[in-house]
Amino acid sequence: MGLTAGIVGLPNVGKSTLFNALTKSNAYAANFPFATIDPNVGIVQVPDERVDVLSRMYQPKKTIYTTFEFTDVAGLVRGASKGEGLGNQFLSHIRNVDAICQVVRCFDDDNVVHVEGKVDPLRDMETIQLELIFADMDTVEKRLPKIEKRAQMKTDKEAIVEYGLLMKVYEGLKRSQPIRSLNLSEEESRQIRSFSFLTAKPMLYVCNVSDEEIADYGDNAYVTAVRSIADSEGSRTCVISAKIESELAQLSDEERLSFLSELGVRESGLAELIRQSYDMLRLQTFLTVGKDEVRAWTFRRGAKAPECAGIVHSDFEKGFIRAETIGYADLIACGSEAKAKEMGKIRLEGKDYVAQDGDIFHFRFNL
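Residues numbered from 1 in each chain as written. Predicted model: local features only at pLDDT ≥ 70, side-chain atom pairs only at ≥ 80, totals over all residues. Heavy atoms only, no water.

Novice: Could you give an account of helix α1 (residues 15-23), naming the residues involved and the relevant values?
Specialist: Given 3.6 residues per helical turn, the α-helix brings residues three or four places apart onto the same face. Counted residue by residue, α1 has 8 buried out of 9 residues, so it is predominantly covered. Within the span of α1, buried status applies to K15, S16, L18, F19, N20, A21, L22 and T23. Residue K24 follows α1 closely and has a positive phi angle near 50°. (Buried < 20%, exposed > 50% of the residue type's maximum accessible area, 1.4 Å probe, protein only. Helix = DSSP H or I, 4+ residues; strand = E, 2+ residues; numbered from the N terminus.)

Novice: For helix α9 (residues 253-263), give the residues involved together with the corresponding values.
Specialist: Listed in full, the buried residues belonging to α9 are R256, F259 and L260. Along the axis of α9, the buried residues cluster in a sector spanning 100°; they form a single face. Exposed side chains of α9 directed beyond 90 degrees from the buried face belong to E254, L257, S261 and E262. At its buried positions, α9 is contacted by α8 (242-248). (Arc of directions from axis to C-beta. Contact = heavy atoms within 4.5 Å.)

Novice: Account for the sheet that holds strand β6 (residues 203-208), naming residues and giving values.
Specialist: With mixed pairing, 6 strands are arranged side by side in an open sheet as β2-β4-β1-β5-β6-β7. The open sheet is flanked by β2 (40-45) and β7 (236-240), the only strands paired with a single partner. Within the sheet, the average angular offset between the axes of one strand and its neighbour, ignoring direction, is 25°. Judged from the 5 bridges that link them, β6 and β7 form a sheet pairing that is parallel. If you follow V206 over to β7, its bridge partner there is C238. This element, helix α10 (residues 269-280), spans β2, β4 (67-72), β5 (99-105), β6 and β7 of the sheet and lies at about 165° to β7. (Pairing = 2+ DSSP bridges. Axes fitted to C-alpha atoms, helices over the stretch in contact; angles between N-to-C directions.)

Novice: Could you give an account of the packing of α1 against α10, naming the residues involved and the relevant values?
Specialist: Put simply, α1 and α10 touch, their axes get as near as 11 Å, and they point 90° apart. The orientation of α1 with respect to α10, classified from their angle, is roughly perpendicular. Across from L18, A21 and L22 in α1, the residues of α10 making contact are L270, L273 and I274. Residue classes in the contact of α1 with α10 are distributed as 6 nonpolar, no polar and no charged. (Parallel < 35°, antiparallel > 145°, perpendicular 65-115°, else oblique. Nonpolar A, V, L, I, M, F, W, Y, C, P; charged D, E, K, R; others polar.)

Novice: So, the pattern of salt bridges: which residues are in play, and what are the values?
Specialist: On inspection of all chains with the given rule, the structure shows 21 salt bridges. A salt bridge links K168 to E188; its shortest N-O distance comes to 3.2 Å. Remark: E188 occurs in helix α6 (residues 186-191) and K168 occurs in helix α5 (residues 157-174); sequence separation between them is 20 residues. The partner of K304 in a salt bridge is D352, and the shortest N-O contact between them spans 3.9 Å. A residue pair is termed long-range when its members are at least 10 positions apart, and K304 in the loop between β9 (293-300) and α11 (305-312) and D352 in the loop between β11 (347-349) and β12 (359-365) qualify at 48 residues. Salt bridges sharing partners connect three or more residues here, namely D48, R50 and D357. (Salt bridge = Lys/Arg side-chain N within 4 Å of Asp/Glu carboxyl O.)

Novice: Explain empty space enclosed by the protein to me, and be specific about the residues and the numbers.
Specialist: What the rule picks out here adds up to 2 cavities of 30 Å³ or more. What the largest cavity holds in volume is close to 40 Å³. Taken together, V289, E324, T325, I326, E337, I346, I360 and H362 make up the full set of residues lining the largest cavity. Only β10 (320-327) and β12 provide two or more residues apiece to the lining of the largest cavity. Looking at the lining of the largest cavity, the element that brings in the most residues is β10, giving 3 residues. Taken together, the residues that form the lining of the largest cavity break down as 4 nonpolar, 2 polar and 2 charged. The space that makes up the second largest cavity amounts to roughly 30 Å³. Every residue lining the second largest cavity is listed: G9, L10, V13, Q102, V103, V104, R105, D124 and I128. For the lining of the second largest cavity, the secondary structure elements donating two or more residues are β5 and α4 (121-152). (1 Å grid on protein atoms, 1.4 Å probe; cavity = no way out; pocket = protein on both sides within 12 Å on 5 of 7 lines; lining within 4 Å. Points joined across faces, edges and corners; volume = space filled by probe spheres on them.)

Novice: Give me the lowdown on the nonpolar core, citing residues and values where you can.
Specialist: In terms of nonpolar packing, the biggest core is built from 50 residues, with L18, L22, F68, F70, I94, V206 and L273 touching the most fellow members. Formed by 18 residues, the second largest nonpolar core is a distinct cluster that contains A151, Y163, I179 and F195. (Core = buried A, V, L, I, M, F, W, Y, C linked by side-chain atoms within 4.5 Å.)

Novice: Can you explain the pairing of β9? Please cite residues and give values.
Specialist: Pairing analysis gives 3 bridges linking strand β3 (residues 62-64) to β9, with the strands arranged parallel. Looking across to β9, one finds that I64 is bridged to R295. Across 6 bridges, the pairing between strand β8 (residues 283-288) and β9 is antiparallel. By the bridge assignment, L287 is partnered in β9 with A296. Counting the residues between successive antiparallel strands, the hairpin from β8 to β9 contains 4 residues.

Here you go:
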């Protein structure tokens with residue numbers, strides 16, 4: 001599954017530094033606005049200890065983690081929806097992402113300029129949200145005149161439904177409510193999906209704190225304020241130090257663990273950011289194992305066994321018979337597939353089985 005998250009924020013909040021750390025790439029980062037114009041795109045592995053354990057158990061020729069794509073766009077500024085700072089171009093880069101990670105600066109540093117003159121996370125969040133709202137309003141305003149007459153004539157049922165739904169969205173946007181906070185039904189969300197509304201996408205606020213605070217940011221008033229706003233709109237937050245993460249990205253695994261220990265931090269903030277991004281899209285992981293390959297696969301929560309089989313290969317879904325299934329925890333507790341079978345832990349699941357996170361599948365199919 002090609003899943004993507006867009007990294008947005010004002011200029012100089014740490015977006016490109018974070019992106020470099022995420023992807024261990026070399027996106028251009030500089031201490032002035034619009035250092036990047038074209039979007040940077042990178043693929044990252046989703047950390048999964050289960051894959052590590054299974055790889056040690058099976059000693060396969062290949063170990064493959066599931067992946068996630070991040071797109072870093074240049075900093076947005078006030079007026080971006082009207083083209084300020086090449087804003088329209090930048091907004092177009094996040095139209096097709098599945099989720100948005102908004103980096104919010106939560107540290108003071110006179111040596112790093114702020115485009116608004118001083119650090120104020122709530123103002124920054126409002127600026128970004130308003131620009132995304134204005135962009136969505138523009139999309140609605142362009143569409144409504146095209147269906148208004150058909151809807152008012154009461155003869156075109158599809159136009160009536162679409163017009164009513166877009167007006168509902170528009171009224172919310174005018175009240176400065178992002179679409180994701182309007183409590184739309186699953187069917188309503190499906191009906192507006194083709195518009196790629198920016199404020200309909202799930203939002204993760206990434207609080208970028210100083211390296212001195214990463215081990216203990218409980219007293220950071222900026223982080224507290226961001227979390228309060230995020231909670232009020234049902235969004236998520238995570239806390240990182242982009243500076244620390246960029247340093248960690250240059251180290252070996254052993255050096256990284258030692259550095260984290262010295263900082264008093266259990267794991268990299270990026271691992272949490274990736275997991276949060278993965279989870280907020282309602283994504284889960286099933287696994288396939290064997291001597292040739294241990295591999296993690298991404299599926300959307302609620303998918304049934306044949307859909308998961310189709311992720312591995314379309315022929316598996318077409319000819320699906322059943323899935324030989326064992327939960328990861330059961331396999332580890334048993335110590336081997338042979339022992340798990342002996343203890344009755346391996347199940348045969350049919351077409352109506354709803355896959356669970358951590359399921360290990362052997363698909364049976366016939367074409």
